[in-house]
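# Residue-level structure breakdown
Okay, here's what each chain looks like letter by letter:
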Amino acid sequence: MWRDALLVAGKDLRIEARSRVALGQVAPFGVVALVLFAFALGPDPTPLRRGAPGLFWVAVLFSTVLAVQRSVSVESADGARDGLRLAGLDPAGLFLGKAAAVAAQLLVLEAVLGAGVVVLFGVRVTDPLLVVGSCLLGAVGLAASGTLYGALSAGLRVKETLLPFLLLPVVVPVLLAGTKLWQAGVAGGTPADGTPWLHLLLAFDAVYVAFGVLVFGPIQESA
Amino acid sequence: MAPAASPSSVPLPAVSLRGAVALSGRFPLLAGADLDVARGEVVLVEGPNGAGKTSLLRVCAGLVPLAAGEISVLGLDPVRKRTAVRRRIGLLAHGSHLYDDLTVRENIRFAVRAAGGDVGRIPAACERLGLTGRLLATPAAKLSAGQRRRVALAVLVARSPELWLLDEPHAGLDASARSLVYDLVAEASSIGATVVVASHEPELTEELADRAVLVVGGRIVSERSCGRTTDSSVTDSSVTDSRPSSVDDEARGGAVAAPGSADSGTNQAVVHVA
């Protein structure tokens, strides 16, 4: 399983390194979304700083949809998904590999968007551990759930429109927990104990990673 | 290529289908197909467009589950034991299963490693398929259709599976590559691999084949012996089993036989099968 996961993650990351879709298209999209939020909220820095945690995570969620769609589309061309199935890869390894590659890309996106929030909204991070921890756990959860729902929608003709519809509602816990953790970790946010929200993120990650390991094979076969 | 399983040492057929029904939604892909392919045999699958040739190969590869009927591939259920079966078979499909952003070398390496194959065989396979020099470092996106086909064939050669399932292997290939496909099938067969070839151009493989089966409407309606069969005499007026004599009798036990319809009419024995 781990060998297959490493193989698939390496392949997906190599494809990303060549195509630079995440860095060249998805990240700029996220930054543009942040800029649009800033325009919508006006020039007053107070509401911007107050809303920055939520805006950051909304931008991450939208970027996640694009990153997952890219991960799915890589396997849609030229019968590549059949190639993976025919290789006899361990489905759990395949899921973990695809999810790990998406998670790695999301971490880079979060770094770019985090820098964008700091620069555009004037946010000052007071508890880097909380902020970084929420980004790490959030990336894992978003990648696991995204890979799972991406596989579910992969065989459908309407996958581009169906994926956000399926994915965005189920990642609300990540949005909530991530936002609360960021609020606790930046200056001017709501001081709060982040532990319950960290637990929520951990639980979300555990559920979707376990669920993906168990059901990715049947989903892949029926897609 | 590494030797595959010896035809004479394994009693079970490489492929056995009994009343195989496969569906895509409510559309029947296979409608009760019966087929036995013995180990080491080369079988040509013929039929008009939409007859079910590709579906037959995809069912054999375990990519399409049966809605009814029975299937055994290399002695195993290709759906329940999919990992074990898939690592022993190679399917050359319509798609080349290549990633456009990876180079030829990276694509082949990934495919062989993913299937648990020996990467040490890759250089020889590439050489065999004419994939050398700068071509190896070329992204798949920049390859022609014929070159993509060559890469897919190189993966197959490097993996050296026990069962080769070739779907229109000559499509998009130039004359020299078509001749190469012929040689590859001959080599695979010579080391005991089983080959099932679906083709609209039977003349390109017929000489190598033991048998040709005709698929119409998702069923195998007739079969005939082909060029490679040394003993082409008809032993029964209704059923011909033209497989190599080295094949164990047990493997022959399930030979397709039923009252049937089509007559593909060649110089060889014509069989009537349902």
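Residues numbered from 1 in each chain as written. Chains lettered and ligands numbered in written order. Predicted model: local features only at pLDDT ≥ 70, side-chain atom pairs only at ≥ 80, totals over all residues. Heavy atoms only, no water.

### What to know about the overall build of chain A
When helices and strands are counted, chain A shows nine helices and zero strands. Order of helices (α) and strands (β) in chain A, N terminus to C terminus: α-α-α-α-α-α-α-α-α. Taken across its 223 residues, chain A has 51% of its residues classed as buried. Contacts in chain A between residues far apart in sequence, at least 24 positions, make up 83% of those at least 6 positions apart. Total accessible area on chain A stands at roughly 9500 Å², and carbon and sulfur atoms take up 72% of it. (Helix = DSSP H or I, 4+ residues; strand = E, 2+ residues; numbered from the N terminus. Buried < 20%, exposed > 50% of the residue type's maximum accessible area, 1.4 Å probe, protein only. Contact = heavy atoms within 4.5 Å. Areas by Shrake-Rupley, 256 points an atom, 1.4 Å probe, with all protein chains shown as cover.)

### Quick look at the sheet that holds strand β1 (residues 15-24) of chain B
Residue and element names in this part refer to chain B. Taken in spatial order, the three strands of this open sheet run β2-β1-β4, and their pairing is antiparallel. Because the sheet does not close on itself, it has two edges, and the strands there are β2 (27-37) and β4 (68-73). The average undirected angle you get between the axes of adjacent strands in this sheet is 30 degrees. (Pairing = 2+ DSSP bridges. Axes fitted to C-alpha atoms, helices over the stretch in contact; angles between N-to-C directions.)

### Quick word on the packing of helix α6 (residues 128-154) of chain A against helix α8 (residues 172-185) of chain A
Residue and element names in this part refer to chain A. At their nearest, the axes of α6 and α8 sit 9 Å apart, and the two run at 170 degrees to each other. With respect to each other, α6 and α8 are oriented roughly antiparallel. Contacts between α6 and α8 involve Leu130, Val131, Ser134, Cys135, Gly138 and Leu142 from the former and Val174, Leu181, Trp182, Ala184 and Gly185 from the latter. (Parallel < 35°, antiparallel > 145°, perpendicular 65-115°, else oblique.)

### Brief notes about helix α6 (residues 175-190) of chain B
Residues and elements named next belong to chain B. Between its terminal C-alpha atoms α6 stretches 23 Å, which fits the 22 Å expected from 16 residues at 1.5 Å a residue. Buried within α6 are the following residues: Ala177, Leu180, Val181, Leu184, Val185, Ala188 and Ser189. In the segment just after α6, Gly192 is the residue with positive phi, at about 95 degrees. (Expected span 1.5 Å × (residues − 1).)

### Looking at the environment of Asp36 of chain B
All names here are of chain B. Assignment of secondary structure puts Asp36 in strand β2. Here the side chain of Asp36 touches Ser16 through a polar contact of 3.2 Å, side chain to side chain. A distance of 2.6 Å separates polar atoms of two side chains, one belonging to Asp36 and the other to Arg18. (Polar contact = N/O pair within 3.5 Å; in protein donor to acceptor, adjacent residues only side chain to side chain.)

### As for the pairing of strand β9 (residues 219-225) of chain B
All names here are of chain B. Summarising burial for β9: six of the seven residues are buried, a large majority. In this sheet, β9 lies alongside strand β8 (residues 211-216) in antiparallel orientation, the contact comprising six bridges. Paired with Val216 across the two strands is Arg219, which belongs to β9. A loop of two residues connects β8 with β9, the two strands running antiparallel in sequence, and Gly217 in this loop sits at a positive phi of about 60 degrees.

### A closer look at the interface of chain B and chain A
Tallying the contact residues gives 24 residues for chain B and 25 residues for chain A. Summing both partners gives a buried area of about 2200 Å² for chain B against chain A, and 54% of it is carried by carbon and sulfur. The tally of links from chain B across to chain A stands at 17 residue pairs in polar contact (both at pLDDT 80 or more). By residue number, the principal contributor to the side of chain B that touches chain A is helix α3 (residues 104-114) of chain B, which donates four residues. (Buried area = accessible area lost by both parts, 1.4 Å probe.)

### Some points on the side chain of Glu41 of chain B
Considering the arrangement of structural elements, one finds Glu41 of chain B in the loop between β2 and β3 (42-46). Here Ala38 of chain B takes part through its backbone nitrogen, which lies 2.9 Å from a polar atom of the side chain of Glu41 of chain B.

On their own, these measurements won't tell you what the molecule is for.
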